[in-house]
Amino acid sequence: MATDYYAVLGVQRDASQDEIKKAFRRLARELHPDVNPDPKTQERFKEINTAYEVLSDPQKKQVYDLGGDPAAGAGGGGAGGFGGGFGNFSDIMDAFFGNASQRGPRSRTRRGQDAMIRLDIELDESAFGTTKDIQVDTAVVCNSCHGEGAAPGTTAHTCDMCRGRGEVSQVTRSFLGQVMTSRPCPQCQGFGTVVPTPCPECAGDGRVRSRRSLTVKIPAGVDNGTRIQLAGEGEVGPGGGPAGDLYVEIHESSHPTFQRRGDDLHCTVTIPMTAAALGTKVPLETLDGLEEIDIRPGTQSGQSVPLHERGVTHLRGGGRGQLIVHVEVMTPGDLEPEQEELLRRLAELRGEERPTGQFQPGQQGLFSRLKDAFNGR
């Protein structure tokens, strides 16, 4: 055996095809004549080219391993450009530019886009959860062609320009020699097939727009901006491809009584000065129904009364937030003479040094008379 092709490429005799190809690409980057014009290098390049032509071909490799030399008398490998025996052009291109991209026709079927719809709900619906029927306008599979894009009774044909490859090639010359470039086929746009008679319903897209009804379950505890994902309920893709997802974005309407802060609810009740001093019960319509808020004697304006487990349900985990009732004490104005006199007598009895909310003997009865006087107006 005149030449040891394994030694030329620097691989073992049991090397795999992948190892042989990697060794050849490494040497080609170093020794190609257009990169290294030294005459000795050119001869060396011819050797690795011939060795690779033999060892990369299973039939030639088998003959060589049995003692023959398939390259003998074949003129060996040529060093001028990429002609005259330089077997695998794509391997040389990969050696300089890396692996080529995946080729072949692209699919007409692609995943559809996600869609989003806004849904307005009331406070009690977000607090306890609800079920809503919504109308969605999205792309759906065409019932006429079932996503194929061709008119009923017709089919897509293999493109005669690219012969189904989805791309066409062009050879140009460069400093590396002849370079082959590929681009999507202009006739089939890279699909490899053409639709001679598009479906009249969808114009060949395989999908049409349609309005449909969906039932959405709203979990308890959602808040403004919460998005509920409905898998596969979005836009159907081109060619009848799988649908994207539908996102339902929650918008909570403002409530006339309560303001929401996280999972807590806040509201304000206004009571007369006498009720704050003597204590009272204030009826309040909560999310759970009518309840009485216990206002303790001596309550000051700005104080609050918390009601546990009367707020919004926690979205994650059990329990609910609080309902916090803020008390606002109303100071009377435009007093009648009798009311003004009673207030003056109360001020004299209490004295400026008396702490607010602490009644001395005789004051409680005076406050009751004040309450009666104000309520009688």
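Our subject is the structure listed above.
Bear in mind that the values here come from a model prediction, so they are computed numbers and not experimental data.

### Details of the sheet that holds strand β15 (residues 323–330)
Two strands in a sheet stick together by hydrogen bonds in their backbones, pointing the same way (parallel) or opposite ways (antiparallel). If you trace the four strands from one edge of the open sheet to the other, you get β10-β11-β15-β14, paired in mixed fashion. Of all the strands in the sheet, the pair left with one neighbour each is β10 (259–261) and β14 (304–307). When the angles between neighbouring strand axes are averaged without regard to direction, this sheet yields 30°. Here four bridges tie β14 to β15, and the two strands are oriented antiparallel to one another. Opposite P306, over in β15, you have I324 as the bridge partner.

### Concerning the packing of helix α3 (residues 39–55) against helix α4 (residues 58–65)
The interhelical angle for the contact between α3 and α4, taken along N-to-C directions, is 100°, at an axis separation of 6 Å. It follows that α3 is roughly perpendicular to α4 by the angle criterion. Along the contact surface, α3 presents E53, V54 and L55, while α4 presents K60, K61 and Y64.

### Observations concerning the packing of aromatic side chains
In this structure the tally under the stated criterion is three aromatic pairs. Pairing Y6 with Y64 gives two aromatic rings, centres 6.0 Å apart and planes at 45°, and the pair type is tilted. Of this pair, Y6 sits in helix α1 (residues 5–9) while Y64 sits in helix α4, placing them 58 residues apart in sequence. Y64 matches Y6 in its accessibility class, with the two residues each being buried. Linked through ring pairs, Y5, Y6 and Y64 together constitute an aromatic cluster. A cation sits over an aromatic face here: R106 above F191, 4.1 Å from the ring centre.

### Brief notes about unusual backbone geometry
Positive phi, close to 60°, is recorded for H146, a residue that is not glycine. Within the secondary structure, H146 sits in the loop between β2 (130–141) and β3 (157–158). Classification of H146 as exposed rests on a relative accessible area of 61%. Backbone geometry places A203, a non-glycine residue, at a positive phi of 60°. In this structure A203 comes out as exposed when scored by relative accessible area, which is 66%.

### Considering the pattern of salt bridges
Tallying each qualifying case throughout the model produces 18 salt bridges. In this structure, D18 engages K22 in a salt bridge whose closest nitrogen and oxygen atoms are separated by 3.4 Å. Taken together, the positions of D18 and K22, both in helix α2 (residues 17–31) and four residues apart, correspond to about one turn of that helix. Here the salt bridges do not stand alone but share partners, grouping D223, E252, R260 and D263 into one network.

### Here we look at α3
The end-to-end C-alpha distance of α3 is 25 Å, a good match for the 24 Å that 17 residues give at a rise of 1.5 Å each. Those residues of α3 lying buried are T41, F45, I48, N49, T50, A51, Y52, E53, V54 and L55.

### Regarding the state of the cysteines
For the coordinates displayed, the defined rule picks out zero disulfides. Its sulfur unpaired, C142 is 3.8 Å from the next cysteine sulfur, which belongs to C145. In this structure C159 is a free cysteine whose sulfur lies 3.7 Å from that of C185, the closest cysteine sulfur available.

### Some remarks on the sheet that holds strand β9 (residues 246–252)
Taken together, three strands build an open sheet; the order of strands is β1-β9-β8 and the sheet is mixed. Single-partner strands in this sheet number two, and they are β1 (115–121) and β8 (227–230). The mean angle between the axes of side-by-side strands here comes to 25°, regardless of whether they run parallel or antiparallel. Pairing geometry for β8 and β9, over four bridges, is antiparallel. Counted as the bridge partner of R227 is E249 from β9.

### Considerations on the nonpolar core
Counting 20 residues, the largest nonpolar core has F258, L265, I271, I293, I295, L323 and V325 as the members making the most contacts within it. Mapped by element, the contributors of at least two residues to this core are α6 (123–128), β11 (264–272), α7 (273–278), β12 (280–286), β13 (289–295), β14 and β15. Of the residues forming this core, the biggest block, four residues, is contributed by β11. With residues up to four places along the chain from it excluded, the contact list for I271 reads A276, V282, I295, V327, E328, V329 and M330. Grouped together as the second largest cluster of nonpolar side chains are 19 residues, V8, A15, L27 and F45 included.

Criteria and thresholds
Starting from 1, residues in each chain are numbered consecutively following that chain's sequence as written. Confidence filtering applies because this is a predicted model: local features only for residues at pLDDT of at least 70, side-chain atom pairs given and counted only at 80 or more, and all residues used for totals across whole chains, interfaces and linings. Based on all heavy atoms of the structure, the side-chain values leave hydrogens and waters out of the count. Strand pairing is defined by DSSP finding a minimum of two bridges between the two strands. Here a strand is any run of E in DSSP of at least two residues, a helix any run of H or I of at least four, and the numbering for each starts at the N terminus. For helices, the fitted axis covers only the stretch in contact; all axes are lines through C-alpha atoms, and the angles between them, taken along N-to-C directions, range from 0 to 180 degrees. Any angle from 65 to 115 degrees is called roughly perpendicular, while one under 35 is roughly parallel, one over 145 is roughly antiparallel, and all others are oblique. Should any heavy atoms of two residues lie within 4.5 Å, those residues are counted as being in contact. Two rings from Phe, Tyr or Trp (for Trp, the six-membered ring) form a pair when their centres sit within 6.5 Å of each other. Planes less than 30 degrees apart are called stacked, planes more than 60 degrees apart edge-to-face, and all others tilted. Accessible area is worked out with a 1.4 Å probe on protein chains only. A residue is then buried under 20% of its type maximum, exposed over 50%, and partly exposed in between. Charge-over-ring contacts are defined here by two conditions on Lys NZ or Arg CZ: a distance within 6 Å of the ring centre and an angle within 35 degrees of the ring normal. By definition, a salt bridge exists where a carboxyl oxygen of Asp or Glu is found within 4 Å of a side-chain nitrogen of Lys or Arg. Each helix should span, by expectation, one fewer than its residue count multiplied by 1.5 Å. In this description, the term disulfide denotes a pair of cysteine sulfurs within 2.5 Å. We define a nonpolar core as any set of buried Ala, Val, Leu, Ile, Met, Phe, Trp, Tyr and Cys residues linked to one another through side-chain atoms lying within 4.5 Å.

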